[in-house]
Amino acid sequence: RLFAFLLSIVVVPTLLADEPLRDLKKIEAALEKSPDDPMLHYRKCQALFGDGKEQEAIDHAEVALAKFKLAKKDLAWMGLGSFKTQRYRIDVHYNMGPKERSEKRDGIVRPYSFRVWKLGDDPELVQILDFELGYSDGKAVTAAIGEMIGRGHANYGIVDPKSDFASVKKRILEILAK
């Protein structure tokens with residue numbers, strides 16, 4: 001009984017307190033009061049993704065990244081959301097490393113990644129696939145789906161550098177189906 005009581009006064013309210021953070025209208029209202037709060041922008045990305053507005057979430061992640069840079073707050077990535085296949089749960093992460101934060105991008109930049117988990121009672125991370133953009137003189141000139149494997153790299157084929165999220169996601173699902 002004591003455990004149930006503690007659960008009801010400590011854990012349940014904590015869980016409920018997190019729920020409004022997924023409510024897009026509440027997040028947007030909070031952003032009107034605190035437009036430079038990077039965490040609110042992060043939460044907006046998650047809410048958009050959760051509402052099925054994946055491209056909007058990706059687009060707004062660039063805004064969130066700018067707010068994190070302005071606030072001098074470093075995160076390696078933002079977890080935007082997940083989707084599932086019959087075999088996998090795929091978590092989408094918007095990367096915010098040094099290359100993604102750079103004012104003039106050059107070389108390989110990985111704007112977002114797909115962390116692939118095998119479904120089951122004991123989920124296992126089986127792969128991290130990256131959407132990779134190749135920059136030259138600050139312009140994206142090539143793109144591919146790739147994977148870092150130890151000190152090596154696997155390339156799963158090129159995609160259009162102007163690909164939207166739906167096109168990249170489709171290619172990821174094709175790779176996973178093989």
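Up top you'll find the structure we're talking about.
Worth saying up front: this structure is predicted, and the values here are computed from it rather than measured.

Each value, and the rule that gives it
Residues numbered from 1 in each chain as written. Predicted model: local features only at pLDDT ≥ 70, side-chain atom pairs only at ≥ 80, totals over all residues. Heavy atoms only, no water. Helix = DSSP H or I, 4+ residues; strand = E, 2+ residues; numbered from the N terminus. Buried < 20%, exposed > 50% of the residue type's maximum accessible area, 1.4 Å probe, protein only. Expected span 1.5 Å × (residues − 1). Arc of directions from axis to C-beta. Axes fitted to C-alpha atoms, helices over the stretch in contact; angles between N-to-C directions. Parallel < 35°, antiparallel > 145°, perpendicular 65-115°, else oblique. Contact = heavy atoms within 4.5 Å. Nonpolar A, V, L, I, M, F, W, Y, C, P; charged D, E, K, R; others polar. Phe/Tyr/Trp six-rings, centres within 6.5 Å; stacked < 30°, edge-to-face > 60°. Lys NZ or Arg CZ within 6 Å of the ring centre and 35° of its normal.

1. As for unusual backbone geometry
Phi at K72 takes a positive value of approximately 55°, unusual for a residue other than glycine. On the secondary structure map, K72 appears in the loop between α4 (54-70) and β1 (77-84). Assessed through its relative accessible area of 74%, K72 is described here as exposed. Phi angles above zero are rare outside glycine, and D137 is one such case at about 55°. On the secondary structure map, D137 appears in the loop between β4 (124-136) and β5 (139-149). By relative accessible area, D137 is classed as exposed at 61%.

2. Here we look at helix α6 (residues 165-177)
Between the first and last C-alpha of α6 there are 18 Å, a value that for 13 residues agrees with the 18 Å anticipated at 1.5 Å per step. Taken residue by residue, α6 has F165, V168, K169, R171, I172, I175 and L176 as its buried positions. Viewed end-on, α6 has its buried residues packed into an arc of 160°, placing them on one side of the element. For α6, the exposed residues lying more than 90 degrees away from the buried face are K170 and A177.

3. Some words on the packing of α4 against α6
Close contact between α4 and α6 brings their axes to 9 Å; oriented N to C, the two are set at 110°. Here α6 runs roughly perpendicular to α4, going by the angle between their axes. Seen from α4, the contacting residues are E54, Q55 and I58; seen from α6, they are F165, A166 and K169. The residue inventory of the contact of α4 with α6, partitioned by class, reads 3 nonpolar, 1 polar and 2 charged.

4. Some thoughts on the packing of aromatic side chains
Across all of its chains, the model carries 7 aromatic pairs by this definition. Look at F83 and F114: their rings are 6.5 Å apart centre to centre, the planes differ by 75°, and that puts the pair in the edge-to-face class. Linking F83 in strand β1 with F114 in strand β3 (residues 107-118), this pair joins segments that are 31 residues apart in sequence. The pair formed by F83 and F114 is uniform in burial state, with each residue classed as buried. Judged by centre distance (5.9 Å) and plane angle (70°), the ring pair of Y112 and F114 falls under edge-to-face. Of the residues examined, Y112 reaches a relative accessible area of 4% and is grouped as buried. Accessibility expressed as a relative area gives 0% for F114, which makes it buried. The structure contains a cluster of three or more aromatic residues connected by ring pairs, namely F49, F83, Y112, F114, F131 and F165. Here R43 stacks its cationic end above the ring of Y42, 5.6 Å away from the centre of that ring.

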